[in-house]
Amino acid sequence: MEDSDLGNDDTDTSGPDVEVRTLADLARVAGVSAGTVSRALAGKSLVNAETRERIQALARQYGFRPNQMASKLRSRRTGVIGVVIPLGHEKRQQISDPFFLTLLGHLADQLTEAGYDLMLSRAIPDGTPDWLERITGSGMVDGVLLIGQSDQSEVIDQVVSHYRPLVAWGNHREGQKHIVVGTDNELGGRLAAEHLIACGARRLAFFGDTGGIEIATRLRGARAAAEAAGLHITHVPIKLADAEMGPQLEAAFAAPDADYDGIVTASDLIAMSALHVLHEMGRKIPGDVQIVGFDDLPLARLTSPPLTTVRQEIGQGAKVMVEKIRALIEGETRISKVMPPTLIVRETTRS
């Protein structure tokens, strides 16, 4: 039902001498109730489009700006969403990581379009299980979006038992309590290894630190593909922190038994760094070594040669995360969404 006074045209447009400082002032000018003005300025569909546009035009005409702070206090909403990057297993990893920046950019765009401000936090749990409680219980945010789960899935599950508006980008597993938007990581790892095998690789390696659940699941998929082909895949732990990644890659390729001809990497960043190290060593890609990344970041197509990788739908995922957090804030029920990965073949593997 729409307000009964929505069709009232007894508008007082007596000119610039009229002062409009409150909702009641604007209601008198528009000839409607203060409630109708409030709903119209909030863009509520309860007010018909013609009346809504007329009230909004009058607000602009008289330079009326509603008191947003008072409105938020009444609604007990802050208009802010916390975006948190938990670094439980990769404490030296930086927000400047290309994956973080890509997903963060998409989330910022989606939140802005939804009318929210963003509060960014890089959280290092460091043995303190209340790191997430301090954020959700701060009263500073209406909900929390996590960029990754790190090794903190149990902590996240504990928090959502009493704090509902929380959505994580990450890996969904059976029995998990918190809502996740992310990629089928096991399938992604399997696609990468199967492609290398189809391209003739037989001495396989997986580069990545499996402390985080996403990367551990990618390794599981790659192993399944290797075993199905009667092959072994060597796990080489490589950290995502810049200060550690380069030296670890150099050591991995310099090892006596490092005669890999096909490498699945846990991320595009590791793959791009591996390309650099191999170039410095005089190794040819894909002639000597074939490499598959994971993410399909914008930089992946700009490497030399362009990187074959497993695409995560990061932009679409960010949109879904914001849709879900908004629904949870309104008290609705939502479930996790697992998106299929796509193998993107470029020039670091043989076609």
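Here the structure is a predicted model, which is why all the values come from computation and not from measurement.

Running from amino to carboxyl end, helix α8 (residues 185-198) crosses helix α9 (residues 213-228) at an angle of 40°, the nearest separation of the two axes being 6 Å. Of the possible angle classes, the one that applies to α8 and α9 is oblique. In this structure, the crossing between α8 and α9 has a hand that is right-handed. Of the residues in α9, those touching α8 at Asn-185, Glu-186, Gly-189, Arg-190, Ala-193, Glu-194 and Ile-197 are Glu-214, Thr-217, Arg-218, Arg-220, Gly-221, Ala-222, Ala-225 and Ala-226.

Turning our attention to the packing of aromatic side chains. Using the criterion set out here, one finds four aromatic pairs in the structure. Ring plane angle 85° and centroid distance 6.0 Å describe the contact between Phe-207 and Tyr-260, whose orientation is recorded as edge-to-face. Here the residue Phe-207 occupies a position in strand β6 (residues 204-207), and Tyr-260 occupies one in the loop between α10 (242-254) and β8 (262-265), the gap between them amounting to 53 residues. Accessibility classification places Phe-207 together with Tyr-260 in one group, the buried group. Of the aromatic side chains, those joined through ring pairs into one cluster are Phe-99, Phe-100 and Trp-169. Looking at Arg-218, its charged tip hangs above the ring of Phe-294, at a distance of 3.9 Å from the centre.

This paragraph deals with the pattern of salt bridges. If the charged atoms of two oppositely charged side chains come close together, the side chains can form a pair. One pass over the structure, following the stated rule, counts 12 salt bridges. With its nearest N and O atoms 2.9 Å apart, the salt bridge here joins Asp-130 to Arg-134. A residue is classified by how much of its surface remains accessible, and Asp-130, at 36% relative accessible area, is partly exposed. Residue Lys-239 pairs with Asp-209 through a salt bridge whose shortest N-O separation is 2.8 Å. Pair noted here: Lys-239 is in the loop between β7 (233-236) and α10 and Asp-209 is in the loop between β6 and α9, with a separation of 30 residues, a long-range link. A residue is classified by how much of its surface remains accessible, and Lys-239, at 23% relative accessible area, is partly exposed. On the accessibility criterion, Asp-209 (13% relative accessible area) is buried. Salt bridges here are not isolated pairs; linked through shared partners, they connect Arg-203, Asp-259 and Asp-261.

Another point: the sheet that holds strand β12 (residues 342-344). Strands pair in a sheet through their backbones, by hydrogen bonds, and they do so in one of two ways: parallel or antiparallel. Sheet architecture is open: six strands sit in the order β7-β6-β8-β9-β10-β12, paired in mixed fashion. Unpaired on one side and paired on the other, β7 and β12 mark the two borders of the sheet. Ignoring strand direction, the axes of neighbouring strands in this sheet form an average angle of 20°. As defined by bridge partners, strand β9 (residues 290-295) adjoins strand β10 (residues 308-311) across four bridges and the pair is classed as parallel. Bridging from a neighbouring strand, Asp-295 pairs with Arg-311 of β10.

Here we take up helix α12 (residues 314-329). End to end, α12 covers 23 Å across 16 residues, agreeing with the expected 22 Å (1.5 Å per residue, within 8%). Gly-331 sits one or two residues past α12 and shows a positive phi near 90°.

Attention now moves to the side chain of Asn-171. Of note, Asn-171 is situated in the loop between β4 (166-169) and β5 (179-183). Owing to a relative accessible area of 6%, Asn-171 belongs among the buried residues under this scheme. Engagement of the side chain of Asn-171 in a polar contact is seen with the side chain of Asn-185, the distance being 2.9 Å. Those residues in contact with Asn-171 that lie beyond four places of it in its chain are Gln-149, Gln-176, Val-180, Thr-183, Asn-185, Ile-213, Glu-214 and Thr-217.

Cut-off values and rules
The numbers attached to residues start from 1 for each chain and follow its sequence in the written order. pLDDT decides what is reported in this predicted model: residues at 70 or higher carry local features, side-chain atom pairs at 80 or more are listed and counted, and totals for whole chains, interfaces and linings draw on all residues regardless. As a rule here, side-chain values come from all non-hydrogen atoms in the structure, and water together with hydrogens is ignored. Working convention: axes come from line fits to C-alpha atoms, limited for helices to the stretch in contact. Angles between N-to-C directions cover 0 to 180 degrees. A run of DSSP states H or I qualifies as a helix once it reaches four residues; a run of E qualifies as a strand once it reaches two. Both are numbered from the N-terminal end. Working rule for angles: under 35 degrees goes down as roughly parallel, over 145 as roughly antiparallel, 65 to 115 as roughly perpendicular, anything else as oblique. Each crossing gets its hand from how the near helix is turned against the far one by less than a right angle, where anticlockwise is left-handed and clockwise is right-handed. Any two residues whose heavy atoms approach within 4.5 Å are treated as being in contact. Note on ring pairs: Phe, Tyr and Trp rings are taken, using the six-membered ring of Trp, and paired if centres are within 6.5 Å. Classes follow the plane angle, with under 30 degrees stacked, over 60 edge-to-face and the rest tilted. Classification of residues uses two cut-offs on accessible area relative to the type maximum, computed with a 1.4 Å probe and protein chains only: under 20% is buried, over 50% is exposed, and between them is partly exposed. Two conditions define a charge located above a ring, namely a distance within 6 Å from the ring centre to NZ of Lys or CZ of Arg, and an angle within 35 degrees of the ring normal. One side-chain nitrogen of Lys or Arg within 4 Å of one carboxyl oxygen of Asp or Glu is enough to make a salt bridge. Strands are labelled as partners when DSSP assigns at least two bridges between them. Helix span, as expected, comes to 1.5 Å for every residue beyond the first. The definition of a polar contact used here is a pair of N or O atoms within 3.5 Å, where within protein one atom must be able to donate a hydrogen and the other to accept one, and adjacent residues in sequence count solely through side-chain atom pairs.

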